[in-house]
Amino acid sequence: MELIRTPQPELAELFEHTLKRNGFAVARREEGSEQIIDLQDPTQYNHAKALLEELIADLKHQQGRQPVEPLTGRPQPLMSGGWFASLGWVTRIVLIVSVLVYLTPYLMGDGVYRALLFPAALDGLASQPWRLVTPMLLHFSLLHLLFNLLWWSDLGRLIERFQSSGQLVLVTLVTGITANVAQFFHTGPMFGGLSGVVYGLLGYLWIYGKVNPESGYPLRREIVIFMLAWMVICFVGLSSVVANAAHLAGLVSGCLLGAGFGLWRRAQGAGAV
């Protein structure tokens, strides 16, 4: 069943990738100078059409002022006037809460930080389980905070925009908990920051794009190389001040999640066609 047609091959490819990412079985064909997207299941027509109309409206809204997304090289509303508006609700909440937590020592002492640190012993998690996650909200300098939040916003926005808010929550919790536990066993409870999660999101998107290239949003090679090189530099020259165990554990857990979900999603797409 014909869903939409366009004379622009790039636009047809974007339509096809978007529909497949959202679980629709579609096929693209050429008829004269036009590209046609056919929907395999007619009962999904209204839903698929609404999705494309939303995408087209977004493209029109961004036309003429949309910069290139540095993480993927694709047009995205990053670092434009609509940067904050382009963030999903999960990305926004973590960003805002991290800033508020950072300000608490200046407003009310170190009580909040002490309540959010990883406990001194694992049995402390039984009565205060939130401490398994909350160290990711703690930052110990303005540069630390800004660096982590910029990467969190960019990487988190990609997952939330192209997959879902629930998927970002899942990846954040798994990689954050893994990173926190690893760092606790490596150095004890005095650590904090989103960097373990940032490396988890990086690993997730990197491997997801590798095993499921049809997703249409793989990270640029230069970005991955830069972040991996920075992790090596931290291990070699900054081991006493950087949570290297959290970085490595976050990256590995993110890569495993990316491989699992990427393969599963690719299998779903193959089965649908």
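This text gives an overview of the structure that appears in the document.

About the cut-offs
Residues numbered from 1 in each chain as written. Predicted model: local features only at pLDDT ≥ 70, side-chain atom pairs only at ≥ 80, totals over all residues. Heavy atoms only, no water. Helix = DSSP H or I, 4+ residues; strand = E, 2+ residues; numbered from the N terminus. Buried < 20%, exposed > 50% of the residue type's maximum accessible area, 1.4 Å probe, protein only. Areas by Shrake-Rupley, 256 points an atom, 1.4 Å probe, with all protein chains shown as cover. Core = buried A, V, L, I, M, F, W, Y, C linked by side-chain atoms within 4.5 Å. Salt bridge = Lys/Arg side-chain N within 4 Å of Asp/Glu carboxyl O. Lys, Arg positive; Asp, Glu negative; His and termini not counted. Polar contact = N/O pair within 3.5 Å; in protein donor to acceptor, adjacent residues only side chain to side chain. Contact = heavy atoms within 4.5 Å. Pairing = 2+ DSSP bridges. Axes fitted to C-alpha atoms, helices over the stretch in contact; angles between N-to-C directions.

## Points about the overall build of the protein
For the protein, the helix and strand inventory stands at nine helices and three strands. For the protein, buried positions account for 47% of its 273 residues. Accessible area of the protein: about 13,600 Å², with a carbon and sulfur share of 65%.

## Section: the nonpolar core
Ranked by internal contacts, the top residues of the largest apolar core, which has 41 residues, are Trp-152, Leu-155, Leu-201 and Leu-202. Counting residues per element, the ones that place at least two in this core are helix H3 (89-108), helix H4 (111-116), helix H5 (142-162), helix H6 (165-187), helix H7 (195-211), helix H8 (221-237) and helix H9 (244-272). Counting residues in hydrophobic clusters, the runner-up holds 13 residues, among them Leu-3, Phe-15, Val-26 and Leu-39.

## Things to note about the pattern of salt bridges
Within this structure, the stated rule accounts for eight salt bridges. For the salt bridge of Glu-2 with Arg-5, the shortest nitrogen-to-oxygen distance reads 2.8 Å. A relative accessible area of 32% means that Arg-5 is categorised as partly exposed. Across the pair Glu-16 and Arg-28 runs a salt bridge whose closest N-O atoms are separated by 2.8 Å. Here the residue Glu-16 occupies a position in helix H1 (residues 9-21), and Arg-28 occupies one in strand S2 (residues 26-31), the gap between them amounting to twelve residues. Through salt bridges with shared partners, one network takes in Glu-2, Arg-5, Arg-29, Glu-31, Glu-34 and Asp-38.

## A few points about the side chain of Arg-131
Among the structural elements, Arg-131 can be located in the loop between H4 and H5. Of the side chains bearing the opposite charge, Asp-123 lies closest to the buried Arg-131, which forms no salt bridge; the N-O distance is 10 Å. A distance of 3.1 Å separates the side chain of Arg-131 from the backbone oxygen of Arg-114, its partner in a polar contact. Not counting chain neighbours up to four residues away, the residues in contact with Arg-131 comprise Arg-114, Ala-115, Leu-116, Leu-117, Phe-118, Pro-119 and Leu-125.

## What about the sheet that holds strand S3 (residues 34-39)?
Read across the sheet, three strands follow the order S1-S3-S2 without closing on themselves; strand pairing throughout is antiparallel. The open sheet has two edge strands, strand S1 (2-6) and S2, and neither has a second partner. Across the sheet, the axes of successive neighbouring strands diverge by a mean angle of 25°, strand direction being ignored. Summarising the sheet, S1 and S3 pair through four bridges and their orientation is antiparallel. Along S3, the bridge assignment pairs Thr-6 with Gln-35. On top of the sheet, H1 reaches S1, S2 and S3; it is set at about 165° to S2, its chief contact.

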